[in-house]
Amino acid sequence: MQALAPYAAKEETSRGRVYTESAPNYRGQYQRDRDRIIHSAAFRRLEYKTQVFVNHEGDMFRTRLTHSIEVAQIGRTIARALNLNEDLTEAICLAHDLGHTPFGHAGQDRLNMCMKDYGGFEHNLQSLRVVEVLEEKYAEFPGLNLMYETREGILKHCSRSKAAELGELGRRFLEGGQSGLEAQVANMADEIAYNNHDVDDGLRAGLISMEQLTACRLFDTQHRSVVDKWPELTEKTMTHETIRRMINYLVSDLVNTSRKNIDIHKPEKIEMVRSLNVPLISFSDEVHELQVELKRFLSVNLYQHGRVKQMTDQAKEIIQTLFDSYMNDASLLPPDTRLRSARDHENSGTSGRARVVADYIAGMTDRFAIAEYERVKKI
Ligand code: MG
């Protein structure tokens, strides 16, 4: 194994776990984190949660599970190139979307609206809540008892009001400062993954076309290089060859630019990375601009496409109905959730109960939410 850079996260200097545990026999501490994430129920449910397209629209589209695996693949490549902690990067990447609601962003936005009088709903915070509280499987501690750096990476963003409640973990959102570089890598790997696979899925679904995409310089340049070399390719191969080049181009720029940033700031350890007011993992200005252009294109032509919007409108209706139904009639909840909602209502009133309902809804897969919607509507 190659030596880690001085500014990488290391087990020896980690802020550790909340509940002390003996060291694993055959794995590193961050490998153990990754393994706990893979064995969690929330991770398995990612298979049936929407990324952009509802899972049952077709077997070829990304789900949140395959998205997370692609993020981990890209993240590991970047981490290894920069001599960062690859195991930690992988753990963060695999866990980054654990708190996502069914039906993608539409689901999260609506759940946030439902919760507006009860503290709101933020998916990054929910991912942290999944690994800290909601996974109940270990005898000796709640949640997965992950290392500090893994939890730091999972909490990508959070509002200032929530950050204040999080103690050490929320401090960077209040005082400025950064997460460790592995978390920064995971964040950028997420962006690279979804921009590229959404192009692929959008083309496959026929919602966007190659001709339209040539308006994006990032796509156009790579597409031209493929056409010049192999003018006779089928559209399927052409698409894949273009996208793999786009990913390679973005990863290469990110690695080179980040190396330069690291050279300028010369952080000697992770604490120095955390105290900076800029992230060190970044694209060059020029490539950042190309990324923004592609994002804007996808936002207008794909995420707001009539067919996607139809799905998101349905999603809002489903989430709202489920929330209202469970809040009005706790007997609709499964027994353990009902007990918890009664207990939390006693402890913290309606907000406590609403949080239990939000946790329950957020944990649902798309198809389970649809089935529940049908069931509660009949009652
Ligand atoms: Mg993601």
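Anything mentioned here points back to the structure above.
### Brief notes about the nonpolar core
Okay, step 1: The biggest cluster of nonpolar side chains holds 81 residues, and the ones touching the most others in it are Ile37, Ile78 and Leu98.
Okay, step 2: Sort the elements by how many residues they give to this core and helix H10 (residues 181–205) lands first, with eleven residues.
Okay, step 3: Core analysis: the second largest hydrophobic core is formed by 25 residues, Met115, Ile318, Phe323 and Ala362 among them.

### Some thoughts on the coordination of the magnesium ion
Okay, step 1: His67 (NE2), His96 (NE2), Asp97 (OD) and Asp190 (OD) make up the full set of protein donors to the magnesium ion, lying at 2.1 to 2.6 Å.
Okay, step 2: Along the chain, the residues that donate to the magnesium ion are spaced as H-x28-H-D-x92-D. In this pair, His67 is assigned in helix H3 (residues 64–81) and Asp190 in helix H10, connecting sequence segments 123 residues apart.
Okay, step 3: Here His67 falls in the buried class, since its relative accessible area comes to 1%.

### Overview of the packing of aromatic side chains
Okay, step 1: This model, assessed by the stated rule, comprises three aromatic pairs.
Okay, step 2: Here a set of aromatic residues connected by ring pairs shows up, and it is made of Tyr19, Tyr138 and Phe141.
Okay, step 3: Taking the ring centre of Tyr138 as reference, the NZ or CZ of Arg36 above it sits at 5.0 Å.
Okay, step 4: Here the basic side chain of Arg367 rests over the ring of Tyr48, its NZ or CZ set 3.7 Å away from the ring centre.

### Points about the pattern of salt bridges
Okay, step 1: By the definition in use, this model includes 35 salt bridges.
Okay, step 2: A salt bridge links Arg274 to Glu149, with the shortest nitrogen-to-oxygen separation between them at 3.8 Å. With Arg274 in helix H14 (residues 270–275) and Glu149 in helix H7 (residues 148–154), the pair connects residues that are 125 residues apart, well separated along the chain.
Okay, step 3: For Arg274, a relative accessible area of 10% puts it in the buried group.

### A closer look at the packing of H3 against helix H4 (residues 86–95)
Packed helix pairs are specified by the crossing angle of their axes together with the interaxial distance, meaning the distance between the axes.
Okay, step 1: Between H3 and H4, the shortest axis-to-axis distance is 8 Å and the interhelical angle comes to 155°. Considering the angle they form, H3 stands roughly antiparallel to H4. The element H3 and its partner H4 pack so that their crossing is right-handed. Residues Ser68, Ile69, Val71, Ala72, Gly75, Arg76, Ala79 and Arg80 of H3 pack against Glu86, Thr89, Glu90, Cys93 and Leu94 of H4.
Okay, step 2: Considered class by class, the residues forming the contact of H3 with H4 number six nonpolar, three polar and four charged.

### Considerations on H3
Okay, step 1: An ideal rise of 1.5 Å per residue puts 26 Å on 18 residues; H3 measures up with 26 Å between its terminal C-alpha atoms.
Okay, step 2: Taken residue by residue, H3 has Arg64, Leu65, His67, Ser68, Val71, Ala72, Ile74, Gly75, Ile78 and Ala79 as its buried positions.
Okay, step 3: Where H3 is buried, its residues meet helix H2 (41–45), H4, helix H5 (104–114), H10 and helix H13 (235–265).
Okay, step 4: Between the side-chain oxygen of the N-cap and the backbone nitrogen of Leu65 there are 3.2 Å, and the N-cap of H3 in question is Thr63.
Okay, step 5: A positive backbone phi angle near 55° is found at Asn83, which sits one or two residues after H3.

About the thresholds
Residues numbered from 1 in each chain as written. Predicted model: local features only at pLDDT ≥ 70, side-chain atom pairs only at ≥ 80, totals over all residues. Heavy atoms only, no water. Core = buried A, V, L, I, M, F, W, Y, C linked by side-chain atoms within 4.5 Å. Buried < 20%, exposed > 50% of the residue type's maximum accessible area, 1.4 Å probe, protein only. Helix = DSSP H or I, 4+ residues; strand = E, 2+ residues; numbered from the N terminus. Donors = N, O, S within 2.8 Å, 3.2 Å for Na, K, Ca; no water. Phe/Tyr/Trp six-rings, centres within 6.5 Å; stacked < 30°, edge-to-face > 60°. Lys NZ or Arg CZ within 6 Å of the ring centre and 35° of its normal. Salt bridge = Lys/Arg side-chain N within 4 Å of Asp/Glu carboxyl O. Axes fitted to C-alpha atoms, helices over the stretch in contact; angles between N-to-C directions. Parallel < 35°, antiparallel > 145°, perpendicular 65-115°, else oblique. Left-handed = near helix turned anticlockwise from the far one by under 90°. Contact = heavy atoms within 4.5 Å. Nonpolar A, V, L, I, M, F, W, Y, C, P; charged D, E, K, R; others polar. Expected span 1.5 Å × (residues − 1). Polar contact = N/O pair within 3.5 Å; in protein donor to acceptor, adjacent residues only side chain to side chain.

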